[in-house]
Protein chains: 2
Amino acid sequence: MVRKAKAIGVDIGGTNMRVALIDNSGKVLQKRKQPSRDGDLLEQLTSMVSELVNDDVVGIGLAVAGVIDRERQVVVSSPNLEEAEGKELVSSLKEEFSLEVKMENDANAAALGEHWVGAGRGLKSFVMLTLGTGIGGGVVHDGRLLDVASELGHITVEADGIRCLCGNNGCLESYASARAMVSRVVDALEQGEESQLRQCCEGNIYKITAEDIYNFALEGDMLARETLKEAGRYLGVGIASLVNIFSPEAVIIGGGLVGAWNIIVEEAKKEAQRRAFKTLIEDVEFLPASLGDDAGVVGAASMILK
Amino acid sequence: MVRKAKAIGVDIGGTNMRVALIDNSGKVLQKRKQPSRDGDLLEQLTSMVSELVNDDVVGIGLAVAGVIDRERQVVVSSPNLEEAEGKELVSSLKEEFSLEVKMENDANAAALGEHWVGAGRGLKSFVMLTLGTGIGGGVVHDGRLLDVASELGHITVEADGIRCLCGNNGCLESYASARAMVSRVVDALEQGEESQLRQCCEGNIYKITAEDIYNFALEGDMLARETLKEAGRYLGVGIASLVNIFSPEAVIIGGGLVGAWNIIVEEAKKEAQRRAFKTLIEDVEFLPASLGDDAGVVGAASMILK
């Protein structure tokens, strides 16, 4: 039997570090997950990779939350993971494991993963948005990842809008991410708005999560529903701009919030269709990402195996 | 003496049709200009090309204001030049002149022109914005034109903003184009705002042009200055989004409004630097386009000659 080449895919986000052993068909064979801030980043990374590496592994792909200098293969900046900035992750791993090591931004890696074996399989072009605490993005064009920053969560949708963590005002992320929705709900509750969400989290409104908002929306709570719709509407504003720029075949939406697919994405779709050039949007498919939390590790591994 | 290969470059905009004879060093040898709506579009085009075509001409490049289907080589939609929609411009010219004919969007062609022999020469990546009645865009990435729609004037900067001719609300074009500035000035004057611009155009405020606004701004008129600054500020909002998406080496600004370079572009630069990711914007150069009105015809010809 021929042994298939394998790779280690790593996805280092602001919250969790995921490491997986992946074969050359894109299948996840084994995986581990730990909170990202569990001690020294490089030590943790080396130790987690060691657990899964074996003789079939031909390389390691890293997906990191932050702006990556692709040429120098370093993390230039990472607001959600400052420990990674300037660290010699790639060269250290190369030395430690004597393997090829490549690094990419996490949302770009997710797009690579979805393109390889997920919702973007077979597509020549798509824009992928990853909805989570923040909003990440990746663009596939002409059958391959467009190697630009693709910080799609940080396009401005309201010139004088909410201050974003990145320093800008009115970023898409400040209106359509999990953080944005939670913040909107807490503000509304503080201002006395009626909502079943008050009963959530043993009455501690500061513990409400995006998932809670989604669950209460399904039960018909108006504040929760309006919050999801508002996020969806802004997502549609951003998507319209991206369609007018990239004229993609599809928009793929992934990340922690896609449980709320129906409410958020239907609203986003409607809004984007109203806004974007008709000739550009009419054939755009809206697709849910299909790899879930594995998109990043699979995409990272694809840089080695594809 | 070896005769240089030449091409005909054509730039069909909403206002003018420009046709030029261009050699393979990008030099404009001869050119003609006529209003675009001077009778039948294809007839006019054929006649203007006939005047300049000679035995050294190896092909014709067309730059057309509108959304181009690159594969089928047709104009899918063109709000400013409806006569061009669906017309068989490429195949008709091919047949008429028995030459290679290629078509591109006009702002994309301008980016090609600037990349070939203008401000973008030698750059691997830049975003070009063409400020005129509307705002066009083109993106060069990895040393070549990114073949996407690049309707950069139609990214949303104010989600609930001014209604744009394209049907969207709050497009960059609705805040930073010549049309937008004139509209802002007329509104202000109608509402009684004090300004020397009242003396313009023999007192007919409905005849004020962007050039008038620029000239009065230079003389210190506050309304004119504020209008240019406001346009510049919004241009900066758009540029910040584009820098966060494309992480380019430079932003090139061209078009009819660049006479007002200092006021508009300095404001845009300041605003973009405040908004975009620091690591992405800090090395971005802001450059004025250098080919002026020839950018489109030169870029169109480059599709044949480069």
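Presented here is an overview of the structure given in this document. Predicted model only: the values in this text are computed from it and were never measured.

Quick notes on the rules
- Residues numbered from 1 in each chain as written.
- Chains lettered and ligands numbered in written order.
- Predicted model: local features only at pLDDT ≥ 70, side-chain atom pairs only at ≥ 80, totals over all residues.
- Heavy atoms only, no water.
- Axes fitted to C-alpha atoms, helices over the stretch in contact; angles between N-to-C directions.
- Helix = DSSP H or I, 4+ residues; strand = E, 2+ residues; numbered from the N terminus.
- Parallel < 35°, antiparallel > 145°, perpendicular 65-115°, else oblique.
- Contact = heavy atoms within 4.5 Å.
- Nonpolar A, V, L, I, M, F, W, Y, C, P; charged D, E, K, R; others polar.
- Least-squares fit on C-alpha atoms with pLDDT ≥ 70 in both.
- Pairing = 2+ DSSP bridges.
- Buried area = accessible area lost by both parts, 1.4 Å probe.
- Salt bridge = Lys/Arg side-chain N within 4 Å of Asp/Glu carboxyl O.
- Polar contact = N/O pair within 3.5 Å; in protein donor to acceptor, adjacent residues only side chain to side chain.
- Buried < 20%, exposed > 50% of the residue type's maximum accessible area, 1.4 Å probe, protein only.
- Arc of directions from axis to C-beta.
- 1 Å grid on protein atoms, 1.4 Å probe; cavity = no way out; pocket = protein on both sides within 12 Å on 5 of 7 lines; lining within 4 Å.
- Points joined across faces, edges and corners; volume = space filled by probe spheres on them.
- Disulfide = S-S within 2.5 Å.
- Phe/Tyr/Trp six-rings, centres within 6.5 Å; stacked < 30°, edge-to-face > 60°.
- Lys NZ or Arg CZ within 6 Å of the ring centre and 35° of its normal.

1. Looking at the packing of helix α3 (residues 106-117) of chain B against helix α10 (residues 295-305) of chain B
Residue and element names in this part refer to chain B.
- At their nearest, the axes of α3 and α10 sit 7 Å apart, and the two run at 75 degrees to each other. Taken together, the axes of α3 and α10 lie roughly perpendicular to each other. The residues of α10 that touch α3, namely those facing A109, A110, L112, G113, E114, W116 and V117, are A295, G296, V298, G299, A300, A301, S302, M303 and L305.
- Looking at the contact of α3 with α10, its residues break down into 11 nonpolar, four polar and one charged.

2. Re the relation of the copies chain A and chain B
- Of the transformation placing chain A onto chain B, the axial shift is 0.0 Å and the rotation is 180 degrees, giving an RMSD of 0.0 Å. Here the symmetry operator amounts to a two-fold rotation axis.
- A share of 100% of interface residues in chain A that are also interface residues in chain B marks the association as one of identical surfaces.

3. Re the sheet that holds strand β8 (residues 126-131) of chain B
Residues and elements named next belong to chain B.
- As summarised here, the arrangement of the five strands in space is β10-β9-β8-β11-β12, forming an open sheet in which the pairing is mixed. The sheet terminates laterally at β10 (144-145) and β12 (285-288), the two strands that pair on one side only.
- Pairing geometry for strand β9 (residues 135-141) and β10, over two bridges, is antiparallel. The partner of H141 across the bridge, within β10, is R144.

4. Here's the deal with the interface of chain A and chain B
- Counting residues at the interface gives 39 residues for chain A, matched by 39 residues for chain B.
- Contact between chain A and chain B buries roughly 3,300 Å² in total, counting both sides, with carbon and sulfur atoms accounting for 53%.
- It is I245(A), R275(A) and F277(A) that lose the most area in chain A upon contact with chain B, and together they represent 19% of the buried surface on that side.
- Taken together, chain A and chain B are joined by four salt bridges.
- R233(B) serves as the salt-bridge partner of D160(A), at 3.4 Å between the closest nitrogen and oxygen.
- Across the contact surface, chain A and chain B share 26 residue pairs in polar contact (both at pLDDT 80 or more).
- Secondary-structure elements contributing two or more residues to the side of chain A that touches chain B are β6 (74-77), α7 (222-246), α8 (261-275) and α9 (278-281) of chain A.

5. Points about helix α2 (residues 89-97) of chain B
All names here are of chain B.
- Those residues of α2 lying buried are L89, V90, L93 and F97. Viewed end-on, α2 has its buried residues packed into an arc of 95 degrees, placing them on one side of the element.
- Of the surrounding secondary structure, the elements contacted by the buried residues of α2 are β1 (6-12), α1 (41-52), β4 (57-64), β6 (74-77) and β7 (100-105).
- Backbone geometry just downstream of α2 places S98 in the positive-phi region, at approximately 50 degrees.

6. Overview of the pairing of strand β2 (residues 16-23) of chain A
Residue and element names in this part refer to chain A.
- A large share of β2 lies buried, amounting to seven of its eight residues.
- Pairing geometry for strand β1 (residues 6-12) and β2, over seven bridges, is antiparallel. Across the sheet, the residue bridging to D11 is R18, located in β2.
- The turn joining β1 and β2, which pair antiparallel and follow one another in sequence, is formed by three residues.
- Where β2 lies against strand β3 (residues 28-35), seven bridges are found, and the strand directions are antiparallel. By the bridge assignment for β3, R18 is matched with K33.
- If you look at the hairpin formed by β2 and β3, you'll find four residues sitting between the two strands, and G26 has a positive phi there, around 90 degrees.

7. Side note on empty space enclosed by the protein
- Going through the model one piece at a time under the given rule, you end up with two cavities of 30 Å³ or more.
- By volume, the largest cavity amounts to about 50 Å³.
- As for the largest cavity, its lining consists of I155(A), T156(A), S241(A), I245(A), I155(B), T156(B), S241(B) and I245(B).
- Contributions of two or more residues to the lining of the largest cavity are made by α7 of chain A together with α7 (222-246) of chain B.
- The residue makeup of the lining of the largest cavity, split by class, is four nonpolar, four polar and no charged.
- The computed volume of the second largest cavity comes to approximately 30 Å³.
- Taken together, S125(A), V139(A), V140(A), H141(A), F246(A), P248(A) and V148(B) make up the full set of residues lining the second largest cavity.
- For the lining of the second largest cavity, the element with the most residues is strand β9 (residues 135-141) of chain A, which contributes three residues.
- Taken together, the residues of the lining of the second largest cavity sort by class into five nonpolar, two polar and no charged.

8. A short note on the state of the cysteines
- Within this structure, the stated rule accounts for zero disulfides over all chains.
- Here C164(A) stays free of any disulfide, with the sulfur of C166(A) as its closest cysteine sulfur at 3.7 Å.
- Residue classification places C164(A) among the buried positions, given a relative accessible area of 6%.
- Sulfur of C171(B): no disulfide; nearest cysteine sulfur belongs to C166(B) and is 3.7 Å away.
- Judged by relative accessible area, C171(B) falls into the buried class, the value being 0%.

9. Quick word on the pattern of salt bridges
Residues and elements named next belong to chain B.
- For the structure on display, the rule yields 36 salt bridges over all chains.
- Here R70 ties to E104 by a salt bridge, and the two come within 3.0 Å at their closest N and O atoms. A residue pair is termed long-range when its members are at least 10 positions apart, and R70 in the loop between β5 (67-69) and β6 and E104 in strand β7 qualify at 34 residues.
- On the basis of relative accessible area, E104 is assigned to the buried category, the value being 5%.

10. Topic: the packing of aromatic side chains
- Summed over the entire model, instances satisfying the criterion amount to three aromatic pairs over all chains.
- With 5.3 Å between their ring centres and 50 degrees between their planes, F246(A) and F246(B) make a pair best called tilted. One end of the pair, F246(A), is in helix α7; the other, F246(B), is in helix α7, on a second chain. This pair shows no difference in class: F246(A) is buried, exactly as F246(B) is.
- Between the aromatic rings of Y175(B) and Y234(B), the centroid separation amounts to 4.4 Å while the plane-to-plane angle is 35 degrees, which identifies the pairing as tilted. Here Y175(B) is found in helix α4 (residues 173-176), whereas its partner Y234(B) is found in helix α7, with 59 residues between them in sequence.
- With relative accessibility at 15%, the residue Y175(B) sits in the buried group.
- Taking relative accessible area as the criterion, Y234(B) reaches 4% and is therefore assigned buried.
- Above the face of the Y234(B) ring, R233(B) is positioned so that its terminal group lies 5.1 Å from the ring centre.

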